[in-house]
Amino acid sequence: MYFILSKVLYILILPFMWVFGMLLYAIFTKNTKRVRKLLIYSVALLYIFGNPLLMKGYSNIWDIKAYKPGNTKYSSIILLGGFVSEDANGQGFFNAAADRYTEAVKLLQNGTASHLLVTGGNGNLNPSGFREGVFVQAELRKLNIPDSAVLIESRARNTFENASFSKAILQKTTLKPPYLLVTSAFHMRRALLIFKKAGIPVVAYPCDYYKTNRGRISFWDILPDTVVYGTWNTYIKELIGYIVAQLK
């Protein structure tokens, strides 16, 4: 029930839904002054959530800073899913968050960790038989990474289940904590909180930084950008998820 509710609430908190609701109200209300206010509020929200400069500032505060392990060795990496999507034919493909996978493989191959635990199932409301963990296992075999170095968890639908199911798997092994947690920078703060509450000692290895928080500030940063709307959707989801995780 919680899983379904979280998906529905996510849609309702999107900035565009707020704007859409206000514009819809403006169409049907007969109060002229109220229509004017609704239009002003709509334009203001469109500018605020489309402003690259504000996005850069927020993401620089929210994102967990990059970590370089150096010569530190870990028994296992925990790689959170969300970097694989399913196409119309039920086949998997790497999506925009694939940097998670790339970085985790690099860490495994350069000896920073001896094992890799991949956790991810199917987070759709109406899931098919596709499972992210199974897809990733096949991709790792293509890289000649031995199965003995890989642990697969393919049931988790969200970060809470990532932590819970990963803990159950790790408790059956001799792999000692702390583990190196790999996920996108925007997601790391929430993931760290959830794993901490689950009693899993981890060290953050964030990656997949949004391009919007890189580079110098320019004139274009004060002009609305459609890409930023989608970025805000992600960060708002993370903020709400973080608050929920604090309360659980």
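Conventions and cut-offs
- Residues numbered from 1 in each chain as written.
- Predicted model: local features only at pLDDT ≥ 70, side-chain atom pairs only at ≥ 80, totals over all residues.
- Heavy atoms only, no water.
- Buried < 20%, exposed > 50% of the residue type's maximum accessible area, 1.4 Å probe, protein only.
- Helix = DSSP H or I, 4+ residues; strand = E, 2+ residues; numbered from the N terminus.
- Pairing = 2+ DSSP bridges.
- Axes fitted to C-alpha atoms, helices over the stretch in contact; angles between N-to-C directions.
- Contact = heavy atoms within 4.5 Å.
- Parallel < 35°, antiparallel > 145°, perpendicular 65-115°, else oblique.
- Left-handed = near helix turned anticlockwise from the far one by under 90°.
- Nonpolar A, V, L, I, M, F, W, Y, C, P; charged D, E, K, R; others polar.
- Salt bridge = Lys/Arg side-chain N within 4 Å of Asp/Glu carboxyl O.
- Phe/Tyr/Trp six-rings, centres within 6.5 Å; stacked < 30°, edge-to-face > 60°.
- Lys NZ or Arg CZ within 6 Å of the ring centre and 35° of its normal.

Caption draft 1: Seen up close, the pairing of strand E1 (residues 74-80). Of all the seven residues making up E1, seven are buried; the element is thus mostly covered by neighbouring parts of the structure. Where E1 lies against strand E4 (residues 113-119), six bridges are found, and the strand directions are parallel. In the strand pairing of E4, Leu79 is matched with Val118. Here E1 pairs with strand E6 (residues 179-184) via three bridges, running parallel. Along E6, the bridge assignment pairs Leu79 with Val182.

Caption draft 2: The arrangement of the sheet that holds strand E5 (residues 150-153) in detail. Reading across from one edge, E5-E4-E1-E6-E7 is the order of the five strands in this open sheet, with parallel pairing throughout. Two strands in the sheet have a free side with no partner beyond their single neighbour: E5 and strand E7 (202-207). For this sheet, the mean angle separating the axes of adjacent strands, direction not counted, is 20°. Both E4 and E5 contribute to a ladder of four bridges, which runs parallel. Opposite Thr119, over in E5, you have Glu153 as the bridge partner. Along the sheet, helix H6 (residues 132-142) makes contact with E4 and E5, crossing E5 at roughly 160°.

Caption draft 3: Up close: the packing of helix H7 (residues 159-170) against helix H8 (residues 185-197). Closest axis-to-axis distance for the H7/H8 pair is 9 Å, and the angle between their directions is 45°. If you check the angle between H7 and H8, you find them oblique. In terms of crossing hand, the pair formed by H7 and H8 is right-handed. Mapping the contact onto sequence places Thr159, Phe160, Asn162 and Ala163 in H7 and His187, Arg190, Ala191, Ile194 and Phe195 in H8. Counted by class, the contact of H7 with H8 contains five nonpolar, three polar and one charged residues.

Caption draft 4: View of the packing of helix H2 (residues 15-28) against helix H3 (residues 32-48). Where H2 meets H3, the axes come as close as 9 Å, and the angle between the chain directions of the two elements is 160°. By the angle between their directions, the pair H2 and H3 is classed as roughly antiparallel. Helix-helix and strand crossings are classified by hand; for H2 and H3 the assignment is left-handed. Within the contact between the two elements, H2 uses Phe16, Trp18, Val19, Met22, Leu23, Tyr25 and Ala26 and H3 uses Arg34, Val35, Leu38, Leu39, Tyr41, Ser42, Leu45 and Leu46.

Caption draft 5: Expanded view of the pattern of salt bridges. All chains considered together, the criterion is met by six salt bridges. Between Arg141 and Asp147 there is a salt bridge, with its nearest N and O atoms 3.0 Å apart. Since its relative accessible area comes to 44%, Arg141 is described here as partly exposed. Residue Arg190 is joined to Glu238 by a salt bridge in which the shortest nitrogen-to-oxygen separation is 2.9 Å. Highlighted residues: Arg190 in helix H8 and Glu238 in helix H9 (residues 226-247), separated in sequence by 48 residues. Residue classification places Glu238 among the buried positions, given a relative accessible area of 2%.

Caption draft 6: Up close: unusual backbone geometry. The omega torsion of the bond from Pro177 to Pro178 falls at 0°, within 30 degrees of zero and hence cis. Structurally, the position occupied by Pro178 is in the loop between H7 and E6. Located in the positive-phi region is Asp208, a residue other than glycine, with phi close to 55°.

Caption draft 7: Here's a closer look at the packing of aromatic side chains. Tallied over the entire structure, the rule returns 15 aromatic pairs. Here the aromatic rings of Trp62 and Tyr242 are separated by 5.7 Å at their centres, their planes lie at 80°, and the arrangement is edge-to-face. Of this pair, Trp62 sits in helix H4 (residues 52-62) while Tyr242 sits in helix H9; the two residues are 180 residues apart in sequence, bridging distant segments of the chain. Overall, Tyr242 belongs to the partly exposed group, its relative accessible area being 22%. Clustering of aromatic rings is evident, with ring pairs tying together Trp18, Phe49, Tyr58, Trp62, Phe186, Tyr210, Trp232, Tyr235 and Tyr242. Against the face of Phe165 rests Arg155, its NZ or CZ located 3.9 Å from the ring centre.

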